[in-house]
Amino acid sequence: MTDETVLLFDAGGVLVDWRGTSGLVELTQGRFDTEQARRFWMGFEAITPFETGGDDGTRFAQEALEALELDMTPTGFLAVFDDWMRGPYAGAMALVERIRPAYRRAILSNTNPVHWRRLIDDYRIDVPFEKAFASHEIGARKPDPEAFEFVCRALDVVPGQVRFFDDNPECVDAARELGMTATQVRGLDELRNALAEFDALRPPADNRNPR
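In this report, the structure presented in the accompanying data block is examined. (Residues numbered from 1 in each chain as written. Predicted model: local features only at pLDDT ≥ 70, side-chain atom pairs only at ≥ 80, totals over all residues. Heavy atoms only, no water.)

What to know about the overall build of the chain
In plain terms, the rule: A helix here means a DSSP run of H or I that spans at least four residues, while a strand means a run of E at least two residues long, and both kinds are numbered starting from the N terminus. Only protein chains enter the area calculation, which uses a 1.4 Å probe; residues under 20% of their type maximum are buried, those over 50% are exposed, and those in between are partly exposed. Residue contacts are counted whenever heavy atoms from the two residues lie within 4.5 Å of one another. Methods summary: accessible areas were calculated by the Shrake-Rupley approach with a probe of 1.4 Å, and residue burial reflects only the protein chains presented. Only four residue types enter the tally: Lys and Arg on the positive side, Asp and Glu on the negative side, with His and both chain ends excluded. By convention, charge coordinates are those of NZ in Lys, CZ in Arg, CG in Asp, or CD in Glu.
Summing up its helical and strand segments, the chain has eleven helices and seven strands in all. Taken along its principal axes, the extent of the C-alpha atoms in the chain is 60 × 45 × 30 Å. Taking all 211 residues of the chain together, 48% fall into the buried category. Within the chain, contacts between residues separated by at least 24 positions form 67% of all contacts whose residues are at least 6 apart in sequence. Carbon and sulfur atoms form 46% of the exposed surface of the chain, whose accessible area is close to 10,700 Å². Computed over 24 positive and 37 negative side-chain charges, the separation of the two mean positions in the chain equals 8 Å.

What about the sheet that holds strand 4 (residues 104-109)?
Within a sheet, neighbouring strands are paired by backbone hydrogen bonds and run either parallel or antiparallel to one another. For clarity, the threshold we go by: For two strands to count as paired, DSSP must find a minimum of two bridges between them. For helices, the axis comes from a line fit to the C-alpha atoms of the stretch in contact; other axes are also lines fit to C-alpha atoms, and the angle between any two N-to-C directions lies between 0 and 180 degrees.
Read from one edge of the open sheet, five strands run 5-4-1-6-7, paired in parallel fashion. Bordering the open sheet on either side are strand 5 (131-134) and strand 7 (181-184), each of which pairs with just one other strand. In this sheet, adjacent strand axes meet at a mean angle of 20° when their direction is disregarded. By the bridge criterion, four bridges tie strand 1 (residues 6-9) to strand 6 (residues 162-166) in an arrangement that is parallel. Of the residues in strand 6, the one forming a bridge with L8 is F164. Against the sheet, helix 10 (residues 169-178) contacts strand 6 and strand 7, and its axis sits at roughly 170° relative to strand 7.

A closer look at the packing of aromatic side chains
Just so we agree on the cut-off: Working definition: a ring pair exists when centres of Phe, Tyr or Trp rings (six-membered ring for Trp) sit within 6.5 Å. Plane angles under 30 degrees give stacked, over 60 give edge-to-face, the rest tilted.
Per the counting criterion, the structure on display carries 21 aromatic pairs. A centroid spacing of 5.1 Å and a plane angle of 65° characterise the contact between F60 and F81, whose relative ring orientation is edge-to-face. A residue pair is termed long-range when its members are at least 10 positions apart, and F60 in helix 4 (residues 58-68) and F81 in helix 5 (residues 74-83) qualify at 21 residues. Accessibility classification places F60 together with F81 in one group, the buried group. Each ring, one from F165 and one from F198, has its centre 6.4 Å from the other, and the planes form 10°; the classification is stacked.

Some thoughts on the environment of E146
Position of E146 relative to the elements: it lies in helix 9 (residues 145-155). For E146, a relative accessible area of 47% gives the class partly exposed. Residues E146 and R105, spaced 41 residues apart in sequence, show a C-alpha to C-alpha distance of 20 Å.

Observations concerning the nonpolar core
Here is the rule: Throughout, nonpolar core names a set of buried Ala, Val, Leu, Ile, Met, Phe, Trp, Tyr and Cys residues whose side chains join them through atoms within 4.5 Å.
By size, the foremost hydrophobic cluster in this structure holds 30 residues, and its most contacted members are L7, F9, L15, F165, L191 and L195. Elements that contribute at least two residues to this core include exactly strand 1, helix 6 (92-97), helix 7 (113-121), strand 5 and helix 11 (188-197). Leaving out residues up to four positions away in the same chain, L191 has contacts with F9, V14, L15, L95, F165 and V185. Ranked by size, the runner-up nonpolar core spans 22 residues in total, among them V6, F133, V172 and A182.

So yeah, pure geometry; function would need other evidence.
Dropping the structure here:
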């Protein structure tokens, strides 16, 4: 077992611009407010198989349409759902690269084959990380303890060696219960501030021309 500290990041809402919350508010024409939309994605039962490898999206789309009372085809809904994934925030990967080499870096994301394929193939979000854990590949999703325990086993660390960053309070609370140091961050500015608080970042490169 190593004695290094792992910085473990959620993807959507922390490093990645995923507009599923605001998109759902728009799609339901305001029947859901922002908090209701966020809670829907956290608690919607049909998303669990989709995000843990047991559904290719067919069941998820059909049940989402019924639950949200939307007049769309499953194919049309999945197209909208896919479009909500906009890729990494501007500057996100550069921020990760500024993390001091003393820290190991990993991702733990609740995701699905539709979004993950784009994040890996189109945006190469995994490149600056030692490991990127996707819920549909490991068979567990946050805030279930199994997701965090899988990461600890794979990285050969105990929870106390992990600093975790997520935008959902349920996931932050679950990580803390396991013994991780966990911080809620929403977006890149809050993440940058959280990393700076414990001096995890190298100073930004000085690009000024020498005199």
